[in-house]
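Here is what each chain is made of, one letter per residue.
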Amino acid sequence: MYRLQKWHLIFLFFSPLFLQAQERNEIPAVIDSLYREDQIYFSFTYNILTGSPSEIRSSQFSGGFHTGFIRDFPINQRRNIALGIGLGWSIDTYGNNLFIGEAVEGEGTYFAVLDRNRVDFDANRFTTQSIDVPVQFRWRTSTPSSYKFWRIYTGIRPAYVYYFQSKFVQDGNTYKESNVPEFEKLRLGATFTFGYNTFNFTFYYSLNSFFKDATVNNVDLDLQTFQVGLTFYLL
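This is a predicted model, so every value here is computed, not measured.

A. Structural view of the overall build of the protein. Within the protein, the secondary structure is distributed over one helix and 16 strands. Taking all 235 residues of the protein together, the buried fraction comes to 40%. Taking the contacts inside the protein whose residues are at least 6 apart along the sequence as the reference set, 71% of them involve residues at least 24 apart. Surface accessibility of the protein: about 14,300 Å² in total, with carbon and sulfur atoms responsible for 60%.

Shown next as structure tokens:
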């Protein structure tokens, strides 16, 4: 009888602790109904030059790296439609056959299309670094409890190019030029991204030319870029 009372007392002593632990385990997870898709992004692109003169072509490898943060502003009750505004940084390299150098006489820049049949060179490219302000209209199949969803993001990407340098390399000779007054530092492009979860295809097309008031062989230099690549989003 004594043993029975002893075990009974032990059970009565620990049973409240057991019930509290069970209650804690049964509390449902809190779902944030006011969620945002704020995201850090990384993009890797292949850059293609387009425009005129038609003799200007991309050559060698032309690529870009883009990163930044986008703030999400849902505009409907379900929160699967939103506006996104961000701040980012880009570095882009464009291999091509457009020589950019200082004018021999007077002010300005000398532009020439390189012909490999006449000029032997190892590399010719220009590189830019910019501060970006991506603005997006965003549609997705997200829910408050799901972090994996389909997305379509489209918008514009204004940018300010704070660094520009062209580089021409041939055997025994390297020429660099960074003072190009014709270069347009304010850039604007249209963007389109679609995909699932962190894996997304991205496209960019510049809406203004790299250079203004510039000519090559008496033809207006209207050079733009089309970029295609992959974007990875991290919440």
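B. View of the nonpolar core. Counting 17 residues, the largest nonpolar core has Leu-98, Ile-100, Phe-111, Phe-210, Phe-211, Leu-221 and Leu-223 as the members making the most contacts within it. With residues up to four places along the chain from it excluded, the contact list for Leu-223 reads Leu-49, Thr-50, Ser-52, Ile-56, Leu-98, Asn-208, Ser-209, Phe-210 and Phe-211.

C. Structural context of the packing of aromatic side chains. Enumeration over the complete set of coordinates arrives at 28 aromatic pairs. Measuring from centroid to centroid gives 6.0 Å for Phe-192 and Phe-194, while their planes differ by 45°, and the two rings are tilted. According to the relative accessible area criterion, Phe-194 is partly exposed, its value standing at 31%. Grouping aromatic residues by their ring pairs yields a cluster made of Phe-42, Phe-44, Phe-65, Trp-89, Phe-192, Phe-194, Phe-199, Phe-201, Phe-203, Phe-226 and Phe-232. The ring of Tyr-153 has Arg-138 sitting right over it, with the charged end atom 4.2 Å from the ring centre. A cation sits over an aromatic face here: Arg-187 above Phe-210, 4.4 Å from the ring centre.

D. Representation of empty space enclosed by the protein within the structure. Counted according to the given criterion, the structure contains three cavities of 30 Å³ or more. The computed volume of the largest cavity comes to approximately 190 Å³. Lining the largest cavity are 16 residues; nearest its centre among them are Ser-43, Arg-157, Thr-191, Thr-202 and Thr-231. Elements that contribute at least two residues to the lining of the largest cavity include exactly strand 1 (39-52), strand 2 (63-74), strand 12 (189-196), strand 13 (199-206) and strand 16 (222-234). Its residues assigned to classes, the lining of the largest cavity shows six nonpolar, nine polar and one charged. Of the voids in this model, the second largest cavity is the one considered here, and its volume is about 140 Å³. For the second largest cavity, the lining is made up of 16 residues, of which Asp-92, Tyr-94, Ser-130, Arg-187 and Tyr-204 are closest to its centre. Those elements that place two or more of their residues in the lining of the second largest cavity are strand 3 (81-95), strand 6 (123-132), strand 9 (159-170), strand 13 and strand 16.

Thresholds, definitions, all that
- Residues numbered from 1 in each chain as written.
- Predicted model: local features only at pLDDT ≥ 70, side-chain atom pairs only at ≥ 80, totals over all residues.
- Heavy atoms only, no water.
- Helix = DSSP H or I, 4+ residues; strand = E, 2+ residues; numbered from the N terminus.
- Buried < 20%, exposed > 50% of the residue type's maximum accessible area, 1.4 Å probe, protein only.
- Contact = heavy atoms within 4.5 Å.
- Areas by Shrake-Rupley, 256 points an atom, 1.4 Å probe, with all protein chains shown as cover.
- Core = buried A, V, L, I, M, F, W, Y, C linked by side-chain atoms within 4.5 Å.
- Phe/Tyr/Trp six-rings, centres within 6.5 Å; stacked < 30°, edge-to-face > 60°.
- Lys NZ or Arg CZ within 6 Å of the ring centre and 35° of its normal.
- 1 Å grid on protein atoms, 1.4 Å probe; cavity = no way out; pocket = protein on both sides within 12 Å on 5 of 7 lines; lining within 4 Å.
- Points joined across faces, edges and corners; volume = space filled by probe spheres on them.
- Nonpolar A, V, L, I, M, F, W, Y, C, P; charged D, E, K, R; others polar.

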